[in-house]
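Structural description and commentary
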Amino acid sequence: MPQIPAMSLDLSQEQEKESNIMTKLLGVIAIAAVAFAVAPAQAAKHAMGGCSSANLEKTETAIEAMADGDSKFVAQKEIAAAQDALLNGKMGVCGAHLNKAMHATMGK
């Protein structure tokens, strides 16, 4: 029986190491989750220089020059959503819709 206290000490140290590893792993996962949550919003904000009246105007001009069709309809819906987002102060959402509208103008 003298080995049992030593074994329990080793077990306790091993559990502590596992606990430290799990804590670090959870920390890394939390940081990654925050990065993945923030990255799309930041990308949308910086796409095409962000949401601004000048970028909205450029995109609207490109949409007006498009031939009628599905792509033009999609672009018009996206620019309307971008304008609504801009008026509501949602710059990331505005940038995302503006980006989609511009991509639709380059489509077909």
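Everything here concerns the structure above.
Just so it is clear, the model here is predicted, and its values are computed rather than measured.

What follows covers the overall build of the protein. Check the secondary structure of the protein and you find four helices and zero strands. Beginning at the N terminus, the succession of helices and strands in the protein can be written as α-α-α-α. The proportion of buried residues among the 108 residues of the protein is 21%. Contacts spanning at least 24 positions in sequence make up 56% of the contacts within the protein whose residues lie at least 6 apart. In the structure as shown, the protein presents an accessible area of about 7,900 Å², 64% of it carried by carbon and sulfur atoms.

With that settled, consider the nonpolar core. Listed in full, the 12 residues of the largest apolar core are Cys-51, Leu-56, Ile-63, Met-66, Ala-75, Ile-79, Ala-82, Ala-85, Cys-94, Leu-98, Ala-101 and Ala-104. For this core, the secondary structure elements donating two or more residues are α2 (53-64), α3 (70-87) and α4 (91-106). Filtering out sequence-adjacent residues up to four positions away, Leu-56 remains in contact with Ile-79, Ala-82, Gln-83, Leu-86 and Leu-98.

Let's shift gears to the environment of Lys-72. When you line up the elements, Lys-72 lands in helix α3. For the pair Lys-72 and Ala-104, spaced 32 residues apart in the sequence, the C-alpha separation amounts to 7.1 Å. Setting aside residues up to four positions removed in sequence, Lys-72 forms contacts with Ile-63, Glu-64, Met-66 and Ala-67. Within the structure, Lys-72 has its side chain in polar contact with the side chain of Asp-68 (distance 3.3 Å).

What follows is about a nonpolar patch on the surface. Taken together, Met-22, Leu-25, Leu-26 and Ile-29 make up a surface patch of nonpolar side chains, about 390 Å² in accessible area. Structurally, Leu-25 is set in helix α1 (residues 3-46). Judged by relative accessible area, which is 43%, Leu-25 ranks as partly exposed.

This part takes up the environment of Met-66. The topology assignment puts Met-66 in the loop between α2 and α3. Taking C-alpha positions, Met-66 is 6.9 Å from Thr-105, a pair spaced 39 residues apart along the chain. Not counting residues within four places of it along the chain, the set of residues in contact with Met-66 comprises Ser-71, Lys-72, Ala-75, Ala-104 and Thr-105.

A rise of 1.5 Å per residue sets the reference length of α4, with its 16 residues, at 22 Å; its end C-alpha atoms lie 23 Å apart and thus fit the reference within 8%. Every buried residue belonging to α4 is among Cys-94, Gly-95, Leu-98, Ala-101, Met-102, Ala-104 and Thr-105, and all of these are buried.

As a further point, take the pattern of salt bridges. Under the definition given, this model contains one salt bridge. As a salt-bridge pair, Asp-68 and Lys-72 come within 3.3 Å of each other at their nearest N and O atoms. A residue is classified by how much of its surface remains accessible, and Lys-72, at 13% relative accessible area, is buried.

Should the sulfur atoms of two cysteines be covalently bonded, the bond is a disulfide. Enumeration according to the criterion identifies one disulfide in this entry. There is a disulfide in this structure between Cys-51 and Cys-94, and the S-S distance comes to 1.6 Å. Given an S-S torsion of about 40 degrees, the disulfide between Cys-51 and Cys-94 has right-handed geometry. Placement of the pair is Cys-51 in the loop between α1 and α2 and Cys-94 in helix α4, with a sequence separation of 43 residues. Judged by relative accessible area, which is 11%, Cys-51 ranks as buried. Given the relative accessible area of 0%, Cys-94 is considered buried.

Reading the values: rules and limits
Residues numbered from 1 in each chain as written. Predicted model: local features only at pLDDT ≥ 70, side-chain atom pairs only at ≥ 80, totals over all residues. Heavy atoms only, no water. Helix = DSSP H or I, 4+ residues; strand = E, 2+ residues; numbered from the N terminus. Buried < 20%, exposed > 50% of the residue type's maximum accessible area, 1.4 Å probe, protein only. Contact = heavy atoms within 4.5 Å. Areas by Shrake-Rupley, 256 points an atom, 1.4 Å probe, with all protein chains shown as cover. Core = buried A, V, L, I, M, F, W, Y, C linked by side-chain atoms within 4.5 Å. Polar contact = N/O pair within 3.5 Å; in protein donor to acceptor, adjacent residues only side chain to side chain. Patch = residues over 30% accessible without salt bridge, like charges linked within 9 Å, V, L, I, M, F, W, Y side chains within 5 Å. Salt bridge = Lys/Arg side-chain N within 4 Å of Asp/Glu carboxyl O. Expected span 1.5 Å × (residues − 1). Disulfide = S-S within 2.5 Å.

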